[in-house]
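Per-entry structural report
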Amino acid sequence: MPASTPHTSLAMSLDSWRSEIGRYFGFGRTYSSMTASQQADVDAVIDRGMRQFYAPPLLQDGTAHIWSFMRPTMNIVVHAPYSEDGDPGNGCTLVDAAPTAYATFFGATIPTWCTNGVLEYTHPDTDQNCIIHIHARVSNSQVNLEDAVDADDFIIAVGNGIAFTITDAIYALPTSFGGIEGDITLEAASGYMPVRQVGDDQIREMFLNTLIQTGTPAYFCVRPWRDPGIDRLGTNGTAGMYTRYELVFFPRPDRTLRLSFRYLFVFPGVADWIATGNATTDIHPPGMAYHHETMLASCLSIAEQYADSPNSEHRDYFSKRIAASVALDRKTAGSAYFGRNLDRSDTLYSQGRSPLSTDITYNNTLY
């Protein structure tokens, strides 16, 4: 959660939410006076109510609404390749030791971002260009590899390594990431078309069928993030491996670039609010104050399901409140006009490398 900031008096704090729900259950308004079981019930209702509000039921027109405040912009920086020339004193050796092949580097401190990168080198015996995927950075001088190196298993005398380059096309996204909206744009004044989203299978096909492996990213996909505990044979997995996502770019970036995109933000629950260390009186649910009444109605509609004699009073009220909040949110986030169409999404330039142009000509006259 962000640092504490002043709020309007209409905003509800976490204590206020707990007080209202505790009162509904008959636990009293003082959270600290409730039993541990009662506190757990109250917080569980808040979590469920928040989930229901952030992903509301379909509206009467059959559409699903996504709140404007759930679509912030994220900026990421992609890395320039890291290289060593293989002269005495630097370079690397590769060893196959299934299930974990590894590469050892000397004379170099491997960058921390190399996990999920690609190691490119020229085989010292065959002079062939080889590519091996990196799975994990073990230390400053060693990485585990995704692929076996049976045919490339060689050890070179220390001090005489092979030249190598590490490039990175995979970037882990935070646990708050819930989906991407639109394309990715490069840093201002870069002059390049937006990076377009495609499927994971298309990205893999591009790497398979083209000689272009590095350059300005032109395409990307979003796919489930693989837990680092899973080795190249698919063993040693851990629970929750698909709760995060990652971005994969094609081609792999050939220089440092700043990228921006809008994404769907996954808000934290009650336990996460408390973990921030702020006083509970200053912890406010994400979303603007004029939605807090709708959020409370959502929570009370959930609490209603646990009552000894369930009814639909709060559920009906929540239905009215959600319609009002959606209308207000659309008004807040809407545009007064569409503006000029500079999207050019129907034009595909080779690898996205052609700069944007807004020149218009008519009868050979430039306007």
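Report follows, based on the coordinates. These figures come from a predicted structure and were not determined experimentally.

1. Things to note about the overall build of the protein chain
Tallying secondary structure elements over the protein chain gives six helices and 18 strands in all. By residue count, 38% of the 367 residues in the protein chain fall in the buried class. Contacts spanning at least 24 positions in sequence make up 71% of the contacts within the protein chain whose residues lie at least 6 apart. Only carbon and sulfur atoms are counted for the fraction: they give 51% of the accessible area of the protein chain, which is about 19,800 Å².

2. Focus: the sheet that holds strand E1 (residues 73-78)
Taken together, the three strands give an open sheet; going across it, the order is E1-E16-E10, and neighbouring strands pair in antiparallel fashion. Edge strands, defined here as strands with exactly one partner in the open sheet, are E1 and strand E10 (177-186). Averaged over neighbouring strand pairs, the angle between their axes works out to 35° when direction is ignored. The sheet contact formed by E10 and strand E16 (residues 257-265) spans five bridges and is antiparallel. When the sheet's bridge partners are listed, Phe-177 is paired in E16 with Phe-265.

3. Overview of helix H5 (residues 292-306)
With 15 residues, H5 extends 22 Å from end C-alpha to end C-alpha; this agrees with the ideal 21 Å at 1.5 Å per step. Within H5, 12 of the 15 residues are buried, which leaves the element mostly enclosed by the surrounding structure. Every buried residue of H5 is accounted for by His-292, Thr-294, Met-295, Leu-296, Ala-297, Ser-298, Cys-299, Leu-300, Ser-301, Ile-302, Ala-303 and Glu-304.

4. Notes on the pairing of strand E6 (residues 129-139)
Looking at chain direction, strand E5 (residues 117-122) and E6 are connected through five bridges and run antiparallel. The partner of Val-118 across the bridge, within E6, is His-133. Judged from the four bridges that link them, E6 and strand E7 (residues 142-145) form a sheet pairing that is antiparallel. For Ser-139, the partnering residue across the bridge sits in E7 and is Gln-142. The antiparallel pairing of E6 with E7 creates a hairpin that spans two residues between the two strands.

5. Considering the nonpolar core
In terms of nonpolar packing, the biggest core is built from 28 residues, with Trp-17, Ile-46, Tyr-54 and Trp-67 touching the most fellow members. Looking at this core, the elements that each hand over two or more residues are helix H1 (14-25), helix H2 (36-54), H5 and helix H6 (313-333). Residue contributions to this core peak at seven residues, all from H5. Counting 18 residues, the second-largest nonpolar core is a separate cluster that includes Ala-101, Ala-103, Cys-114 and Leu-119.

6. Digging into the environment of Met-295
Examined against the element boundaries, Met-295 turns out to sit in helix H5. Sequence separation of Met-295 and Ile-46 is 249 residues, and the distance between their C-alpha atoms is 9.0 Å.

7. Digging into the sheet that holds strand E11 (residues 196-197)
Read from one edge to the other, the open sheet built from four strands follows the order E9-E14-E13-E11, with strand pairing classed as mixed. Both edges of this open sheet fall to strand E9 (170-172) and E11, since each of them pairs with a single strand only. As paired strands, strand E13 (residues 219-224) and strand E14 (residues 245-250) are joined by six bridges and run antiparallel to one another. Bridge pairing in E14 places Phe-220 opposite Phe-249.

8. Structural notes on the packing of H1 against H2
Their axes nearest at 10 Å, the elements H1 and H2 cross at an angle of 110°. Classified by the interaxial angle, the pair formed by H1 and H2 is roughly perpendicular. Taken as a pair, H1 and H2 cross one another with a handedness that is right-handed. Residues Leu-14, Trp-17, Arg-18, Ile-21, Gly-22 and Phe-25 of H1 touch H2, and the partners they reach there are Val-42, Asp-43, Val-45, Ile-46 and Met-50.

Definitions and cut-offs
Here the residue numbers are simple positions, counted from 1 along each chain's written sequence. Residues qualify for local features only when their pLDDT is at least 70, as the model is predicted, and side-chain atom pairs are given and counted only at 80 or more; totals for whole chains, interfaces and linings, by contrast, use all residues. Water and hydrogen atoms play no part in the side-chain values, which are based on all heavy atoms of the structure. Secondary structure counts use DSSP, requiring at least four H or I residues in a row for a helix and at least two E residues in a row for a strand, with both numbered from the N terminus. A simple rule labels every residue: compare its accessible area, found with a 1.4 Å probe on the protein chains alone, to the largest value its type can have, and call it buried under 20%, exposed over 50%, or partly exposed in between. Should any heavy atoms of two residues lie within 4.5 Å, those residues are counted as being in contact. Each accessible area is a Shrake-Rupley estimate made with a 1.4 Å probe; only the visible protein chains count as cover when residues are assessed. DSSP bridges decide pairing: two strands pair if at least two such bridges lie between them. Orientation is described by axes fitted as lines to C-alpha atoms, over the contacting stretch for helices, and by angles from 0 to 180 degrees between their N-to-C directions. By this rule the span expected of a helix is its residue count minus one, scaled by 1.5 Å. Buried Ala, Val, Leu, Ile, Met, Phe, Trp, Tyr and Cys residues that are joined via side-chain atoms within 4.5 Å together make up what is termed a nonpolar core. Here the word oblique covers every angle except those under 35 degrees (roughly parallel), over 145 (roughly antiparallel) and from 65 to 115 (roughly perpendicular). Crossing handedness follows the turn of the near helix against the far one: under a right angle anticlockwise gives a left-handed crossing, and clockwise gives a right-handed one.

Scope: geometric values only; no functional claims are made or implied.
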